[in-house]
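Chain residues, written in single-letter form:
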Amino acid sequence: MEKFSSQSYPIDEVMRKVNSSKDGLSSCEVKKLQEEFGFNELESKKQKSTLSMIIDQFKDAMIVILILAAIVSGVMGEITDSFIILGIVIINAIIGVAQENKAGKSLEALISLSAPNAKVKRDGKEIIVPAKEIVVGDIVILETGDLIPADLRLTLTINLKIQEAALTGESVPVEKDALAILEEDAVIGDRINLAFSSSMITYGRGEGVCVATGMDTEVGKIAQMIQSAQTGTTPLKRKLEYMGKTLGIGVLAICVIIFIAGMIYQKDWFEMLLTSISLAVAAIPEGLPAISTVVLAIGVQRMVKRHAIIRTLPSVETLGSATVICSDKTGTLTQNKMTVLQAYYNKEFTDVKAMDTNDGVVNKMVEAAVLCNDARARVDDDGEITLIGDPTETALIDLGIMLDMPKDTLEDRLPRISEVPFDSTRKRMSTVHKLSGGGYRVYTKGGLDELLSCCTQAISHNSLQAINTTTEAVAVANQKMAQGALRVLALAYKDIDEVPADVLDIESDLTFLGMVGMIDPPRDEARDAVTVCRGAGIKPVMITGDHQLTASAIAKDLGILQDGDRVVSGRELEAMSDDELNDSIRDISVYARVSPEHKVRIVEAWQNNNAVVAMTGDGVNDAPALKKADIGAAMGIVGTDVAKEAADMVLTDDNFATIVSAVEEGRRIFDNILKAVLLLLSCNVGEILTLFVATMLNWEEPLLPIHILWINLVTDSMPALALAVDPAEPDIMKRQPYEAGGRIFSRGMIWRIGYQGVVIGALALTAFLIGWQGDHQNLATGQTMAFMVLAFSQLVHVFNARSKRHSAFCGLFSNVLLWLAVIISGAMMVAVVTIPTLADLFRLTSLSLGNWVNVVLLSFAPLAVVELFKLLKLNTFKGD
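For every chain, the first residue of the written sequence is number 1, and numbering continues from 1 along that sequence. Local features in a predicted model are, by the rule used here, given only for residues with pLDDT of at least 70; side-chain atom pairs are given and counted only at 80 or more, and totals for whole chains, interfaces and linings are based on all residues. Side-chain numbers here rest on the full set of heavy atoms in the structure, without hydrogens or water.

### What to know about the overall build of the protein
Thought 1: Only DSSP runs of H or I with at least four residues qualify as helices, and only runs of E with at least two residues qualify as strands; both kinds are numbered from the N terminus onward. When helices and strands are tallied, the protein shows 32 helices and 26 strands.
Thought 2: Three exposure classes are used, based on accessible area relative to the maximum for each residue type with a 1.4 Å probe and protein chains only: buried under 20%, partly exposed in between, and exposed over 50%. The buried share of the protein, reckoned over its 880 residues, is 56%.
Thought 3: Residues count as neighbours in contact if any of their non-hydrogen atoms are within 4.5 Å of one another. Sequence separation of 24 or more characterises 72% of the internal contacts of the protein that already satisfy a separation of 6 or more.

Below is the structure:
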């Protein structure tokens with residue numbers, strides 16, 4: 001069937017294009033269309049099998065190396081090490097499979113939005129059919145409360161308002177007009193003659209002819225984007241993958257060199273083979289994936305207390321690397337609740353909190369706002385107030401509650417006896433109330449121009465004057481409120497002796513009272529969060545389906561839109577090529593009246609600029625971008641199930657400020673993982689250098705294979721894991737994010753790993769030389785001293801790894817678990833030397849008091865060297 005922009009054609013032409021009529025389709029036509037085009041339902045692509053997802057998890061270079069390490073450990077008799085490594089690999093695979101499974105759930109949640117049934121005209125009769133049986137050309141009848149079953153070109157609208165916030169992001173219901181003819185490129189939020197699948201009717205009634213079903217609807221297009229969106233790897237995963245490949249190649253090369261050198265020096269080939277293999281196992285930080293998993297898991301638990309539910313472990317770490325946060329406006333940066341902020345009466349502006357109800361004008365204004373109103377306030381058993389009705393009207397009810405003029409109290413005093421409902425032609429609503437002393441009072445609210453046309457006078461400071469003397473001042477005030485993105489309602493009244501036969505006649509000779517301006521206001525905490533984001537080097541960007549004026553005002557108030565920043569509309573964005581958007585993306589802070597596909601383009605453009613993008617949102621329209629972004633954060637209270645399933649994390653308090661907490665937690669986690677990397681690799685460098693130098697100089701072996709494996713087990717496990725709970729550094733949110741490149745080794749990280757590893761290796765060799773003294777009889781003493789210094793210097797070095805700038809003595813006792821891990825590991829080291837059975841097993845010997853003094857002094861040397869480097873600022877590079 002021909003596809004066309006139905007909003008651009010008159011109703012008769014649309015009916016002709018879809019081969020329909022005012023009586024609807026015939027049953028035969030419906031059946032033929034269903035056979036040709038299928039049912040009105042969303043399709044899902046075939047998901048990968050669990051087995052293939054599991055296999056994919058073992059294609060990573062680091063995982064392959066770990067599996068080889070597990071096999072080698074098992075062959076050498078280190079069964080415990082072998083099982084630990086395999087356990088780590090399996091845990092990582094489970095996490096990866098769980099992450100892939102969430103993509104299918106996003107589509108399932110989207111499918112569940114479809115309306116179960118719909119009322120249609122077929123064969124000239126109104127019938128109810130399952131929504132999935134609707135076809136293009138069906139005439140659908142719409143009533144208040146209905147969920148729209150497909151995309152419709154409206155053919156009849158009677159005061160019809162549709163809530164499209166989940167699809168477009170606009171905070172208030174959209175007033176529809178079937179007679180409107182729009183431009184072909186009108187954005188979704190401006191298509192007032194269309195009704196979209198999954199939207200809900202909040203007011204009025206109407207009819208529409210179906211112009212799109214299933215995957216051809218706007219919601220269907222979102223489903224396609226969810227299916228096609230590719231989830232990228234996290235920054236940490238990319239860095240660890242690179243590190244795994246680098247280490248694998250480097251370690252194997254060194255082990256081969258050591259083995260060959262041993263053969264050249266005619267050492268026992270089997271002993272050299274064992275030494276090389278042991279060194280390979282020790283040098284690869286097989287505990288790192290487990291440590292990163294534990295760190296992330298602890299972060300997840302901490303985030304629950306901060307009102308964020310993490311759906312995938314890498315999500316928190318990714319947030320720590322975020323450089324851009326693209327946020328939906330409605331319900332995310334704002335309260336998703338229309339609120340009256342300002343009033344104009346007595347020829348001046350007043351903040352609503354300063355309104356004095358003892359003033360006669362104010363009293364009548366509030367009565368007009370509350371009584372000329374179909375919204376209600378419901379109080380539950382706990383005293384909680386729930387406002388029910390159109391968001392604009394509930395804002396007025398809330399104003400009455402705030403000023404101690406609740407609707408039920410006013411209605412007891414001024415009961416409604418008649419009304420003229422709002423309609424889109426008059427753009428007014430009037431109600432008639434009985435006065436206790438006799439007679440009646442008319443209250444009217446509506447658009448300013450429409451209401452002024454019914455007024456003959458205005459009241460100011462309880463004094464009446466002709467309307468033409470105030471019209472200009474009122475128009476200027478209205479313009480000023482509109483420029484502040486306020487939605488303006490004008491209020492008027494009059495007293496009458498009796499209600500006319502034609503109730504429409506009450507809308508004449510009214511007295512103008514004033515105006516109220518309302519808006520979906522920014523969250524106070526969001527304003528603070530934006531400030532923190534900017535201080536942390538993160539650019540906040542607002543992406544909304546709302547109008548440009550409203551979006552700009554909110555963005556300026558929050559600090560998102562600053563001098564030099566651009567505001568771009570969906571239509572302007574549509575006209576940009578991908579290259580143009582990529583070039584200008586950094587200058588744009590606000591996007592208004594955008595469609596779902598626009599949001600995905602914006603995220604992709606930032607990613608093309610090497611940004612790590614976080615995206616927050618709550619609606620169906622946000623789901624593809626949430627999935628495409630490096631980290632998607634959905635709102636937990638007002639968020640749709642589609643958004644939640646597409647996201648990596650859910651904010652249980654719908655608070656933008658929670659994102660900032662997640663960023664801080666993510667940075668702490670990333671810091672702690674880097675601390676573990678620094679600790680493990682600098683220690684491993686020390687072990688490699690100890691053996692490499694000794695072998696190259698044809699010395700006796702300073703360490704046996706069992707020594708290497710034991711040190712690796714004792715120093716690489718508990719202390720490194722304890723770094724997972726290290727507290728955040730004080731300036732963590734005052735520095736730039738980590739780069740999102742594929743390497744974990746910055747210049748500063750390579751320098752620290754290198755010089756600290758050299759220090760540890762040099763100290764172990766020094767200890768060996770002191771004990772050995774070139775005499776074969778003292779070989780066991782030399783090996784014991786090298787063994788102890790290598791292990792204890794690494795345990796002391798743990799405290800160096802806690803910060804690259806701050807002294808190890810800052811917050812020395814802030815991590816109790818770290819101290820506990822170091823003490824236990826130290827005790828295990830002492831045990832293998834002092835307990836005869838273990839000493840014999842490890843081929844160690846007892847040490848003299850002088851040798852123990854040397855061991856202690858040498859073991860604390862790394863702390864002194866690194867502290868000196870920090871003091872001289874030699875521990876970091878510029879920008880590190």
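### A closer look at helix H25 (residues 656–696)
Thought 1: Look at H25: 59 Å from first C-alpha to last across 41 residues, which is about the 60 Å you get at 1.5 Å a residue.
Thought 2: Taken across its 41 residues, H25 has 34 buried, putting it largely inside the fold.
Thought 3: The positive-phi residue at the C-terminal boundary of H25 is Asn-698, with phi of around 60°. Expected helix span is computed as 1.5 Å times (number of residues minus one).

### As for the nonpolar core
Thought 1: Judged by nonpolar contacts, the single largest core of 68 residues is most densely connected at Phe-787 and Met-829.
Thought 2: Mapped by element, the contributors of at least two residues to this core are helix H10 (287–305), H25, helix H26 (705–716), helix H27 (718–722), helix H28 (747–772), helix H29 (779–800), helix H30 (816–834) and helix H32 (849–871).
Thought 3: Looking at this core, the element that brings in the most residues is H29, giving 13 residues. The criterion is simple. A nonpolar core is a set of buried Ala, Val, Leu, Ile, Met, Phe, Trp, Tyr and Cys residues joined through side-chain atoms within 4.5 Å.

### Concerning the side chain of Lys-675
Thought 1: Summarising the element assignment, Lys-675 is placed in helix H25.
Thought 2: Not counting residues within four places of it along the chain, the set of residues in contact with Lys-675 comprises Leu-723, Asp-726, Pro-727, Ala-801 and Arg-802.

### Section: the packing of H28 against H32
Thought 1: For helices, the fitted axis covers only the stretch in contact; all axes are lines through C-alpha atoms, and the angles between them, taken along N-to-C directions, range from 0 to 180 degrees. Close contact between H28 and H32 brings their axes to 10 Å; oriented N to C, the two are set at 160°. Classed by the angle they form, the pair H28 and H32 counts as roughly antiparallel. Of the two possible hands of crossing, H28 and H32 adopt the one that is right-handed. Contact residues: Trp-751, Tyr-755, Gln-756, Val-759, Leu-763, Thr-766, Ala-767 and Ile-770 in H28; Asn-851, Asn-854, Leu-858, Ala-861, Pro-862, Val-865, Val-866 and Phe-869 in H32.
Thought 2: Across the contact of H28 with H32, the residue classes break down as 12 nonpolar, 4 polar and no charged. Working rule for angles: under 35 degrees goes down as roughly parallel, over 145 as roughly antiparallel, 65 to 115 as roughly perpendicular, anything else as oblique. Rotating anticlockwise by less than a right angle from the far helix to the near helix defines a left-handed crossing, while the corresponding clockwise rotation defines a right-handed one. Note on residue classes: Ala, Val, Leu, Ile, Met, Phe, Trp, Tyr, Cys and Pro are nonpolar, Asp, Glu, Lys and Arg are charged, and everything else, Gly too, is polar.

### Considering the pattern of salt bridges
Thought 1: Whenever Lys or Arg places a side-chain nitrogen within 4 Å of a carboxyl oxygen from Asp or Glu, that contact is recorded as a salt bridge. Inspection of the entire model under this criterion finds 36 salt bridges.
Thought 2: A salt bridge links Glu-507 to Arg-426; the nearest nitrogen and oxygen atoms lie 2.5 Å apart. A residue pair is termed long-range when its members are at least 10 positions apart, and Glu-507 in the loop between strand S19 (487–496) and strand S20 (510–519) and Arg-426 in the loop between strand S14 (416–420) and strand S15 (428–434) qualify at 81 residues.
Thought 3: Classification of Glu-507 as buried rests on a relative accessible area of 9%.
Thought 4: Its relative accessible area of 13% is what places Arg-426 among the buried residues.
Thought 5: Through salt bridges that share partners, Glu-367, Arg-413, Arg-441 and Asp-495 make up one connected network.

### Some words on the packing of aromatic side chains
Thought 1: We call Phe, Tyr and Trp rings a pair once their centres come within 6.5 Å, taking the six-membered ring for Trp, and we label the pair stacked below 30 degrees between planes, edge-to-face above 60, and tilted otherwise. Summed over all chains, the structure comprises 11 aromatic pairs.
Thought 2: On the numbers, 5.2 Å between centres and 70° between planes, the contact of Trp-710 with Phe-842 is edge-to-face. Taken as a pair, Trp-710 in helix H26 and Phe-842 in the loop between helix H31 (836–841) and H32 lie far apart in primary sequence, 132 residues in all.
Thought 3: The buried category is assigned to Trp-710, whose relative accessible area is 19%.
Thought 4: You can call Phe-842 buried: its relative accessible area is 6%.
Thought 5: For the pair Trp-751 and Phe-869, a centre-to-centre distance of 6.2 Å together with 25° between the ring planes defines the contact as stacked. With Trp-751 in helix H28 and Phe-869 in helix H32, this residue pair connects regions lying 118 residues apart in the sequence.
Thought 6: Here Trp-751 falls in the partly exposed class, since its relative accessible area comes to 34%.

### Digging into the side chain of Asp-546
Thought 1: Within the secondary structure layout, Asp-546 lies in the loop between strand S21 (539–543) and helix H19 (548–558).
Thought 2: A relative accessible area of 5% means that Asp-546 is categorised as buried.
Thought 3: Definition of a polar contact: a pair of N or O atoms within 3.5 Å, with one able to donate and the other able to accept a hydrogen when the atoms are protein atoms, and with sequence-neighbouring residues admitted only if both atoms are side-chain atoms. Looking at Asp-546, its side chain comes within polar contact range of the side chain of Lys-329, at 3.0 Å.

### Re a nonpolar patch on the surface
Thought 1: Residues enter a patch when their relative accessible area is above 30% and they make no salt bridge; the linking distance is 9 Å between like charges and 5 Å between nonpolar side chains (Val, Leu, Ile, Met, Phe, Trp, Tyr). Residue exposure ignores everything except the shown protein chains as possible cover, and the areas themselves are Shrake-Rupley values with a 1.4 Å probe. A contiguous nonpolar patch, built from Val-256, Ile-260, Ile-264 and Tyr-265 and spanning about 380 Å² of accessible area, is present on the exposed surface.
Thought 2: Take Ile-260: it is sitting in helix H8 (residues 235–264).
Thought 3: You can call Ile-260 partly exposed: its relative accessible area is 44%.

### Points about helix H17 (residues 471–483)
Thought 1: Its 13 residues give H17 an end-to-end C-alpha distance of 18 Å, which sits within 8% of 18 Å, the value for a rise of 1.5 Å per residue.
Thought 2: What H17 keeps buried is the set Val-474, Ala-477 and Met-481. Angularly, the buried residues of H17 cover 60° about the axis, an arc narrow enough to put them on a single face. Away from its buried face, by an angle of more than 90 degrees, H17 presents the exposed residues Glu-472, Val-476, Lys-480 and Gln-483.
Thought 3: Of the residues flanking the end of H17, it is Ala-485, one or two places downstream, whose phi is positive at about 65°. Think of it as the arc spanned by the lines of direction from the helix axis to the C-beta atoms.

### Remarks on the sheet that holds strand S9 (residues 324–328)
The strands that make up a sheet pair up through hydrogen bonds in the backbone, lying either parallel or antiparallel.
Thought 1: In space, the 8 strands of this open sheet follow the order S8-S26-S25-S24-S9-S21-S23-S22, with mixed pairing throughout. The sheet terminates laterally at strand S8 (308–310) and strand S22 (566–569), the two strands that pair on one side only. Across the sheet, the axes of successive neighbouring strands diverge by a mean angle of 20°, strand direction being ignored.
Thought 2: A pair of strands is labelled paired if DSSP reports no fewer than 2 bridges between them. Where S8 lies against strand S26 (residues 649–651), 3 bridges are found, and the strand directions are antiparallel. Residue pairing across strands places Ile-309 opposite Val-650, the latter belonging to S26.

### So, the environment of Arg-302
Thought 1: One can find Arg-302 in helix H10.
Thought 2: Residue classification places Arg-302 among the partly exposed residues on the basis of a relative accessible area of 33%.
Thought 3: Distance from Arg-302 to Glu-665, taken between C-alpha atoms, is 8.2 Å for residues 363 residues apart in sequence.
Thought 4: The residues touching Arg-302, leaving out its near neighbours within four places in the chain, are Glu-665 and Arg-668.
Thought 5: Engagement of the side chain of Arg-302 in a polar contact is seen with the side chain of Glu-665, the distance being 3.0 Å.

### Remarks on unusual backbone geometry
Thought 1: Not every positive phi belongs to a glycine, and His-461 is a case in point at roughly 50°.
Thought 2: Residue position: His-461 is located in the loop between strand S17 (455–460) and strand S18 (463–466).
Thought 3: We classify His-461 as exposed; its relative accessible area is 53%.
Thought 4: The backbone phi angle of Arg-843 is positive, close to 55°, even though this residue is not glycine.
Thought 5: Counting through the fold element by element, Arg-843 comes out in the loop between H31 and H32.
Thought 6: On the accessibility criterion, Arg-843 (51% relative accessible area) is exposed.

### Things to note about the packing of H25 against H28
Thought 1: For the pair H25 and H28, the least separation of the axes is 7 Å and the interaxial angle reads 45°. Looking at the two axes, H25 sits oblique to H28. Crossing hand, H25 versus H28: right-handed. Note on element contacts: H28 touches H25 through Met-749, Arg-752, Ile-753, Gln-756, Gly-757, Val-758, Ile-760, Gly-761, Ala-764 and Leu-765, opposite Leu-674, Leu-678, Leu-681, Ser-682, Cys-683, Val-685, Gly-686, Leu-689, Thr-690, Val-693 and Ala-694.
Thought 2: Taken together, the residues that form the contact of H25 with H28 break down as 14 nonpolar, 6 polar and 1 charged.

### Some remarks on a negative patch on the surface
Thought 1: The positive count covers Lys and Arg only, the negative count covers Asp and Glu only, and His and the chain ends enter neither. In this description, the location of a charge corresponds to atom NZ of lysine, CZ of arginine, CG of aspartate or CD of glutamate. A cluster of like negative charges, contributed by Asp-380, Asp-381, Asp-382 and Glu-384, occupies part of the molecular surface.
Thought 2: The residue Asp-381 is located in the loop between strand S12 (376–379) and strand S13 (385–388) in this model.
Thought 3: On the basis of relative accessible area, Asp-381 is assigned to the exposed category, the value being 84%.

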